[in-house]
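# Chains, contacts and geometry: an overview
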Amino acid sequence: MTARDVVIGVDMGTTATKVVAYRPDGALIAKWQRGYPLEEPQPGHAEQDPQLILAAVLAGVAAVAAEIGHDRVAGLSFSTALHSLMALDADLHPITPVITWADTRATAQAERIRAATGGLALHRRTGTPVHPMSPLTKLAWIREQDPDLHARASRWVGIKDWVQLRLTGSLVTDHSVASASGLMDIHRLEWDAEALEIAGITADQLPVLVRTTDVLPGLTIETAAVTGLAASTPVVVGAGDGPLANLGVGAVRPGVAACSIGTSGALRVAVDRPAVDPAGGVFCYALTEDRWVIGGAINNGGVALEWLRGEIGSDTPTALLLDEAARTPVGAGGLLMLPHLLGERAPRWAGGARGAYIGLTRSHHRGHLVRAAVEGVAMQLALVLGAMRGAGFDIHEIRATGGVMQHPLWPTTLAGAFATPLALLDDGEGSGFGAALLGMKALGLIDSLDAAADLVEVRTRLDPDPASSQTYAALIPLFGGLADTLAPANRVLRDLNLPLA
């Protein structure tokens, strides 16, 4: 191998596929992106057309391969949004759209399974919270609500499994994707018998389990022709986008967590063995067999501010709204926002959660509303941090990425709510870079994942303001309890199913 080798990372996200090419020294050689819609044909549905995602992958790999020039493509490596599910027929053709993590049709099934005897044990055994996001609960919903489809399906796969089938002819799923399915025992690295029984399927209906660093033999002749790559190009199976995002920001050593905020948000720390906290507040997903990430994802990150801007300040730039909010005191004048506009995940995993402003008075103005939204996101992530620490993991630094970090209100609020130093990174390619790094490790281009972390540079370090942290320490327990307090009312509102228009 030479210094001119490059690895192409393919990151199949919820709203877009990004394709990047990196050298082993961390130099970005090329990048490409294409978006696609998240369809919501009915309330609770959140689906995608798998053909559009496949087309984006093929187009992106071809474009990046053409841009690389004289460098040699040492291999492809993949990242994917987690919790996707699709059914294939006997000829391995899709008979459903991709059902994404954002789909909430299985809320009732998730609540029932979670509340049953053994629900917490299932979570702790599989690493996946019992929540409508997971393929386990989606399968339970399909089994009950669409038994004909359930019976017709020959295989159940995730979107990366199917794309790699089309690219290579091999149908496999990696331990990372499987660890987020609710169907695999993370301690044994085998499909879980009880989970399969709940889902109403057999292990033969799922892909073969493989390591994230396993290398598939190459591309089909058709894929090679479309992408311009040699058919012998190695394909590293890859992993889920969350674990790979930790790798992409260098948060793979003990005590260093990764926080990312885009439309949604997440907080994760890398550990050397699978574990879940006693209360079941965190997930545990694989990066490799000896590197796992523990943490939680929240449904509502930047989307909370995006929604608010559309409703109260559509003609005002977001930066100006944040400037107004920054001029209001910490705590937003006693106004709290539960930013659960898209339901919620960690750490309570309550699929039926709804948003709310609490403490609103005539004295509050637009700046307070905006500040409360930012603080609500930060406090939701602080609850996740508390659950991670409850699992027994010390966290002394948090590395933060995401477009929202460009305005200082976001990082200063996060540092205060976390009461932990925040390291800000340039908004790089995250999961795509992580996929490329994992591919380099699998192909022998770098020595270790720890060595990969040294390629990531911290731009700024921000210490929390003690007075702000004291205020948030008083507010976070109140904020955390409000979700439980409002849960009965939210269930009634959901059951009433009142029309929006």
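Structure first, text after, so check above.
Quick look at the structure, then. (Residues numbered from 1 in each chain as written. Predicted model: local features only at pLDDT ≥ 70, side-chain atom pairs only at ≥ 80, totals over all residues. Heavy atoms only, no water.)

Of the regular secondary structure elements, the chain holds 17 helices and 23 strands. Taking 2.2 N^0.38 as the reference for a compact globule, 501 residues should give roughly 23 Å; the C-alpha atoms of the chain span a radius of gyration of 22 Å, in line with that estimate. Projected onto its principal axes, the C-alpha coordinates of the chain cover approximately 65 × 50 × 45 Å. Looking at the 501 residues of the chain, the share that counts as buried comes to 58%. In the chain, of all internal contacts separated by at least 6 residues, the share reaching a separation of at least 24 is 73%. Accessible surface, the chain as shown: approximately 19500 Å² in total, 53% of it carbon and sulfur. Put simply, the chain has 38 plus and 51 minus side-chain charges, and the middle of one group is 3 Å from the middle of the other. (Helix = DSSP H or I, 4+ residues; strand = E, 2+ residues; numbered from the N terminus. Rg over C-alpha atoms; globule rule 2.2 N^0.38 Å. Buried < 20%, exposed > 50% of the residue type's maximum accessible area, 1.4 Å probe, protein only. Contact = heavy atoms within 4.5 Å. Areas by Shrake-Rupley, 256 points an atom, 1.4 Å probe, with all protein chains shown as cover. Lys, Arg positive; Asp, Glu negative; His and termini not counted. Charge placed at Lys NZ, Arg CZ, Asp CG, Glu CD.)

Both trends apply: most residues other than glycine have a negative phi, and most peptide bonds are in trans. Residue Pro-347 is reached from Ala-346 by a cis peptide bond, and omega for that bond is -5°. Residue position: Pro-347 is located in the loop between strand E19 (336-338) and strand E20 (356-358). A positive phi angle, close to 55°, is found at Leu-189, a residue other than glycine. Looking at the secondary structure, you find Leu-189 in the loop between strand E10 (184-185) and strand E11 (190-191). Given the relative accessible area of 26%, Leu-189 is considered partly exposed.

With that settled, the discussion passes to the pairing of strand E21 (residues 397-401). In terms of burial, E21 is a largely internal element, five of the five residues being buried. Side-chain alternation along E21 places Glu-397, Arg-399 and Thr-401 on one buried face and Ile-398 and Ala-400 on a second face that is also buried. Of the strand pairs in this sheet, strand E15 (residues 256-261) and E21 are connected by five bridges, and their pairing is parallel. Counted as the bridge partner of Ala-257 is Ile-398 from E21. For E21 and strand E22 (residues 422-424), the ladder comprises three bridges, and the chain directions are parallel. Following the sheet pairing, Ala-400 is matched in E22 by Leu-424. Remark: the E21/helix H14 (residues 409-418)/E22 crossover connection has right-handed handedness. (Pairing = 2+ DSSP bridges. Right-handed = clockwise from strand over helix to strand, strands pointing away.)

Here we come to a nonpolar patch on the surface. A cluster of nonpolar side chains, Val-492, Leu-493, Leu-496 and Leu-498, forms an exposed patch at the surface whose accessible area comes to about 380 Å². Its place among the elements puts Val-492 in helix H17 (residues 466-496). (Patch = residues over 30% accessible without salt bridge, like charges linked within 9 Å, V, L, I, M, F, W, Y side chains within 5 Å. Salt bridge = Lys/Arg side-chain N within 4 Å of Asp/Glu carboxyl O.)

Turning our eyes to something else, we now look at the pattern of salt bridges. A complete count under the given rule lists 21 salt bridges for this structure. One salt bridge connects Arg-23 with Asp-71, and the closest N-O pair in it is separated by 2.9 Å. With a gap of 48 residues between them, Arg-23 in the loop between strand E2 (16-22) and strand E3 (28-35) and Asp-71 in the loop between helix H1 (50-68) and strand E5 (72-80) connect regions that are remote in the sequence. Glu-397 is the salt-bridge partner of Arg-461, the closest N and O atoms lying 2.8 Å from each other. Of this pair, Arg-461 sits in strand E23 (residues 460-462) while Glu-397 sits in strand E21, placing them 64 residues apart in sequence. For Glu-397, a relative accessible area of 13% puts it in the buried group. Taken together, the shared-partner salt bridges in this structure form one network comprising Arg-4, Arg-23 and Asp-71.

Geometry only, nothing functional implied.
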